[in-house]
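A structural walkthrough
So you can see what is in the structure, the chains are spelled out below.
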Amino acid sequence: QVQLVESGGGSVQAGGSLRLSCAVTPLHVSATCVAWFRQAPGKEREGVASIEPDDNATYASDVEGRFTISRDNAKNTLYLQLNSLKPEDSAMYYCAADESVGYLCQALAGAKVTPGAMDFWGKGTLVTVSS
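Each residue is numbered by its place in its chain's sequence as written, counting from 1. Given that this is a predicted model, residues contribute local features only at a pLDDT of at least 70 and side-chain atom pairs are listed and counted only at 80 or more, while totals for whole chains, interfaces and linings are drawn from all residues. Working from all heavy atoms in the structure, the side-chain values ignore hydrogens and water.

1. Some words on the overall build of the chain
Starting at the N terminus, helices and strands are each numbered in turn, a helix being any DSSP run of H or I of at least four residues and a strand any DSSP run of E of at least two. For the chain, the helix and strand inventory stands at 0 helices and 12 strands. In sequence order, the secondary structure elements of the chain are arranged as β-β-β-β-β-β-β-β-β-β-β-β. Projected onto its principal axes, the C-alpha coordinates of the chain cover approximately 40 × 30 × 25 Å. A total of 131 residues make up the chain; the buried ones form 45% of that total. We call two residues contacting when some pair of their heavy atoms lies within 4.5 Å. Contacts in the chain between residues far apart in sequence, at least 24 positions, make up 64% of those at least 6 positions apart. Using the Shrake-Rupley algorithm and a 1.4 Å probe, accessible areas are obtained, with residue cover drawn only from the displayed protein chains. Here the chain has roughly 6,500 Å² of accessible surface; of this, 49% comes from carbon and sulfur atoms. In this tally, Asp and Glu contribute negative charge and Lys and Arg positive charge; neither His nor the terminal groups of the chain are included. Taken as the charge centre is NZ of Lys, CZ of Arg, CG of Asp or CD of Glu, depending on the residue. The chain carries 10 positive and 14 negative side-chain charges, and their two centres are separated by 7 Å. Think of it in three bands: with a 1.4 Å probe and only protein chains considered, a residue is buried below 20% of the maximum accessible area for its type, exposed above 50%, and partly exposed in between.

What follows is the structure, encoded as C-alpha cells:
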C-alpha cells in the first residue's frame, strides 16, 4: 500500500521559513513524478512544485525563487523548502506521486487540479503565515 506522510507545517510570521517533508513508501521517489500542492480554504488545489525522475524541477510562478523542491533518494523522502513566506502562502500543503504522468509532471506546477490528477496523495500539513 502506497503511503505519503507529510510533516513540517506550522505557523510562522511573514518572511519566515519552513521545511516540509514527505516520507514515501514503497514507491521510489527517484523513479516517479512527485510534487507538492496546496489548497487554501475556498480555493482550488494548485500545484506548487514538481520534480521528475531526471531531476527536472518546475515551480509555480508565484513561488519560484522562494520555494525549493528536493528529494533524498536514500531516505525516499521529498522536501519543500519554503523561504520568504507570505500570508498568501497559507494553505494545506499536500505531497503527491504518480508513476504514469510522464512528461506532464512538469505541467503540474501552477495548475489547478482535482485529487484525480495524481495516483497517490498524503493527508497534508498545514502552513499558516501571519502578517
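That shown, we press on.
2. Looking at the environment of Tyr-103
Along the chain, Tyr-103 turns up in the loop between strand S9 (91-98) and strand S10 (112-113). The spatial distance from the C-alpha of Tyr-103 to the C-alpha of Glu-52 is 8.3 Å, given a sequence separation of 51 residues.

3. Here we look at the pairing of S9
With 7 of its 8 residues buried, S9 lies for the most part within the structure. Sheet topology note: the strand S4 (residues 33-39)/S9 ladder contains 7 bridges and is antiparallel. Counterpart to Trp-36 in the pairing with S9 is Cys-95. Each pair of strands is called paired provided DSSP finds at least two bridges between the two strands. Where S9 meets strand S12 (residues 125-130), 3 bridges bridge the pair, whose relative direction is antiparallel. Counterpart to Ala-91 in the pairing with S12 is Val-127.

4. Points about the packing of aromatic side chains
Pairing of aromatic rings covers Phe, Tyr and Trp, the last counted by its six-membered ring, and requires centre-to-centre distances within 6.5 Å; plane angles under 30 degrees mean stacked, over 60 mean edge-to-face, and any other angle means tilted. Following the criterion strictly, the structure yields 2 aromatic pairs and no others. Arranged with centres 4.8 Å apart and planes meeting at 50°, the rings of Phe-37 and Trp-121 form a pair that is tilted. Placement of the pair is Phe-37 in strand S4 and Trp-121 in strand S11 (residues 120-121), with a sequence separation of 84 residues. Note on Tyr-94 and Trp-121: the rings are 6.3 Å apart at their centroids and 85° apart in plane angle, and the pair reads as edge-to-face. One end of the pair, Tyr-94, is in strand S9; the other, Trp-121, is in strand S11, with 27 residues separating them in the sequence. For Tyr-94, a relative accessible area of 13% puts it in the buried group. Here the aromatic residues Phe-37, Tyr-94 and Trp-121 are joined through ring pairs into a cluster of three or more. The ring of Tyr-94 has Arg-45 lying over it, and the distance from NZ or CZ to the ring centre is 4.0 Å. Over the face of the ring belonging to Trp-121 we find Arg-45, whose NZ or CZ atom lies 4.7 Å from the ring centre. Either the NZ atom of lysine or the CZ atom of arginine qualifies as a charge over a ring when it sits within 6 Å of the ring centre and within 35 degrees of the ring normal.

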